[in-house]
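Survey of secondary and tertiary structure
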Amino acid sequence: MTEYTRKQQLLHADNVCLSYGHKPVLHNINFSIRNIVRPGVQQGQVVSLLGRSGIGKTQLFRLLAGLQQPTSGSITINGNKQVQAGDMGVVFQHYYLFEWKTIQQSLYMAAHQNPAIKGNEKAAVEKWAADFDITEALPCYPHQLSGGQRQRASIIQQLLKGSSFLLFDEPFSGLDVCVLDKVVNMLLQVSVSDELKTLIIVSHDIETSVAISDTVFILGKEPGEPGATIKKEIDLIERDLAWQKDIRRQKAFIDTLEEIKATL
Amino acid sequence: MVLGWWHFSANGLMPAPGRVTVALAELSASSQLWDNILTSLMLTIKAMLYAIIITLLISWLSVIPFFKSLAQVMVKCRYLTLAGLIFVFTLLTQNGATLKLWLLIAGIVPFFVTSFLSVIVNIHQQEYDLCKTLGYNNWRTLHEVIIVGKADKVLEIIQQNFAIAWLMITMVEGVSMSEGGIGTLLIKYNKYNDLTKVLALQIVIFLLGLLFDYLLSVTRLWLFPYIRKTK
Ligand SMILES: Nc1ncnc2c1ncn2[C@@H]1O[C@H](COP(=O)(O)OP(=O)(O)OP(=O)(O)O)[C@@H](O)[C@H]1O
Ligand SMILES: [Mg+2]
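Residues numbered from 1 in each chain as written. Chains lettered and ligands numbered in written order. Predicted model: local features only at pLDDT ≥ 70, side-chain atom pairs only at ≥ 80, totals over all residues. Heavy atoms only, no water.

This part is about the pairing of strand E9 (residues 215-220) of chain A. The two faces of the sheet receive side chains in turn, since in a regular strand these alternate between them. Residues and elements named next belong to chain A. Here E9 lies mainly inside the structure; 6 of its 6 residues are buried. Both faces of E9 are covered, namely the face carrying Thr215, Phe217 and Leu219 and the face carrying Val216, Ile218 and Gly220. As paired elements, strand E3 (residues 45-51) and E9 share 5 bridges and run parallel to each other. Residue pairing for E9: Leu50 is matched across the bridge by Ile218. Bridging between E9 and strand E10 (residues 229-235) involves 6 bridges; their strand directions are antiparallel. Residue Thr215 lies in a different strand from E10, and its bridge partner there is Asp235. (Buried < 20%, exposed > 50% of the residue type's maximum accessible area, 1.4 Å probe, protein only. Helix = DSSP H or I, 4+ residues; strand = E, 2+ residues; numbered from the N terminus. Pairing = 2+ DSSP bridges.)

The next thing to look at is the sheet that holds strand E2 (residues 23-37) of chain A. Residues and elements named next belong to chain A. Read across the sheet, 4 strands follow the order E2-E1-E4-E5 without closing on themselves; strand pairing throughout is antiparallel. Two strands bound the open sheet, and with one partner strand each, they are E2 and strand E5 (81-82). Sheet topology note: the strand E1 (residues 5-20)/strand E4 (residues 72-77) ladder contains 5 bridges and is antiparallel. Note that in E4 the partner of Leu11 across the bridge is Ile77. Contacting E1, E2 and E4, helix H1 (residues 57-65) runs over the sheet at an angle of about 55° to E2. (Contact = heavy atoms within 4.5 Å. Axes fitted to C-alpha atoms, helices over the stretch in contact; angles between N-to-C directions.)

Attention shifts here to the sheet that holds E10 of chain A. All names here are of chain A. Spatially, 6 strands are ordered E6-E7-E8-E3-E9-E10 in an open sheet, and the strand pairing comes out mixed. Looking at the sheet topology across the chains shown, the edges are occupied by strand E6 (89-91) and E10. Each neighbouring strand pair of the sheet contributes to a mean axis angle of 20°, computed without reference to strand direction. Two strands pair when backbone bridges link them, and E6 and strand E7 (residues 165-169) are joined in this way by 3 bridges, in the parallel orientation. Counterpart to Val91 in the pairing with E7 is Phe168. Running over the sheet, helix H5 (residues 177-191) touches E3, E7 and strand E8 (198-203) and is turned about 150° from E8.

All names here are of chain A. Neighbouring ligand 1 are the residues Tyr20, Lys23, Val25, Arg52, Ser53, Gly54, Ile55, Gly56, Lys57, Thr58, Gln59 and His204. Between an oxygen atom of ligand 1 and a side-chain N or O atom of Thr58, the distance comes to 2.7 Å. One of the side-chain N or O atoms of His204 is found 2.9 Å from an oxygen atom in ligand 1. Contributing elements (two or more residues each) for the shell around ligand 1: E2 and H1. (Near = heavy atom within 4 Å. Polar contact = N/O pair within 3.5 Å; in protein donor to acceptor, adjacent residues only side chain to side chain.)

Glancing now at the pairing of E7 of chain A. Residues and elements named next belong to chain A. Counting buried residues in E7 gives 5 out of 5 residues, a clear majority hidden from the surface. Neither face of E7 is open: one carries Phe165, Leu167 and Asp169, the other Leu166 and Phe168, and all of them are buried. Alignment of E7 against E8, held across 5 bridges, turns out to be parallel. Bridged to Phe165 within E8 is Thr198. With H5 bridging E7 and its parallel neighbour E8, the resulting β-α-β unit is right-handed. (Right-handed = clockwise from strand over helix to strand, strands pointing away.)

All names here are of chain A. Entries for chain A in the domain assignment read domain 1 (1-87 + 164-171 + 184-250) and domain 2 (89-162). Distance between the C-alpha centres of domain 1 and domain 2: 24 Å. Between domain 1 and domain 2, the residue contacts involve 17 residues of the former and 14 residues of the latter. Interface area, domain 1 with domain 2, both sides summed: about 1300 Å², of which 64% is carbon and sulfur. Viewed at the interface, domain 2 and domain 1 are joined by 6 residue pairs in polar contact (both at pLDDT 80 or more). Listed by contribution, the elements that provide at least two residues to the side of domain 1 that touches domain 2 are H1, E7 and H5. Of all the elements, E7 adds the most residues to the side of domain 1 that touches domain 2, at 5 residues. A breakdown of the residues in the side of domain 1 that touches domain 2 according to their chemical character gives 10 nonpolar, 3 polar and 4 charged. (Domains from an automatic or database assignment. Buried area = accessible area lost by both parts, 1.4 Å probe. Nonpolar A, V, L, I, M, F, W, Y, C, P; charged D, E, K, R; others polar.)

If you want it as structure tokens, here you go:
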């Protein structure tokens, strides 16, 4: 059994509801993400948000990102700060980057928003670009990049902002196996870069998401309920399924996947 | 093919291509043509410049509700014909030159605004979202997404609407002939039934239009290298 403790609350959703007109989409969403502490390891958090298509994942994603306000309820981070656009790193599904900026310019835009690297923006941009292997793409415009390069550029841009929360909408969709592996490693690398780094992944790809997560939230709708809510929370550390490289072949992992699929 | 058809259908009324070419050569040898072209070009460029400034101000501000309705009114103004405006503008302006300038501006602005508003309306939500995630406020977002991000579209709109401005200039110049211009020239030749010269002039107007279209597209690619491949 891995030794760990769940410490202070990093993010808390309190009775979040969202409706469009009279159509409720999300109903009484409650969950919190706590800092996971492992002795001797700098361990961030990786949380997966799973649910059927059309259930409201993207809507919840936008609320968490602060791009939209809930109809009622609240989402707070770091104690009791109401989440606002700009607080979180947000990687959108199609890795949008400004078409009229070179990658370098886009990265600088983000770096300038980060007070922690003030004065050292250039070094920071170069370091991340080298780490993620897109140095030669820096002077290019987005349309000159491959899908994979674009994705990395988009992720680095949000990393450079320096916020400890990173939200990903469908980061694994449309990737071939090789690139998928790279992205997974990249996310893991980010997740251990800081004790407080918290990755929230919204995805269809249950297997990949669960394999790298420590906690899974399942968004679902009970018959008769007005909107989707968190139906289940699975603590993967407790089940000894977190932070392991070859987790996918273990029986307990496969059972957990089955359990999740049955809940969706 | 067109030339061939033209040649054979030419009769007493319609001058043959040969004669038009001669007239063209004659015209271009005279300083009269070039002076008049210069006058017209200066007027068009000046009007376009004013028009684009007015358009940009209205369109940029159209994110604010009051200016949004103003912009929408502007869009409807496309249906005001210039002929109807002449009277109003004659009352408002002192001399022929300003009258022509403002008539032209009034004629162009609605088309510019229409085009630019559709550019703004078609901006994808994710462009705004990206700005918000970077923590930008509304003004910074307006600046990044609309002012800087759509600068290339401004030139595209000028290019697309240059033809309209060019069409209007010949009309507007008929209003006040004292300053000259190709529109004036055209009207003069028309009056004397000099169809050969009219056609020759028409060709000059056509070629100038093409030249400007080309120049504008080259400038656009040079100023905004990122559009090179997206088309
Ligand atoms: N602007 C809107 N107005 C009204 N209803 C909306 C609006 N946006 C989304 N919805 C509704 O909210 C629900 C959830 O949509 P959402 O995009 O969050 O689903 P999702 O779980 O992300 O699905 P997918 O996995 O297919 O992306 C859908 O039923 C959708 O019709
Ligand atoms: Mg979605």
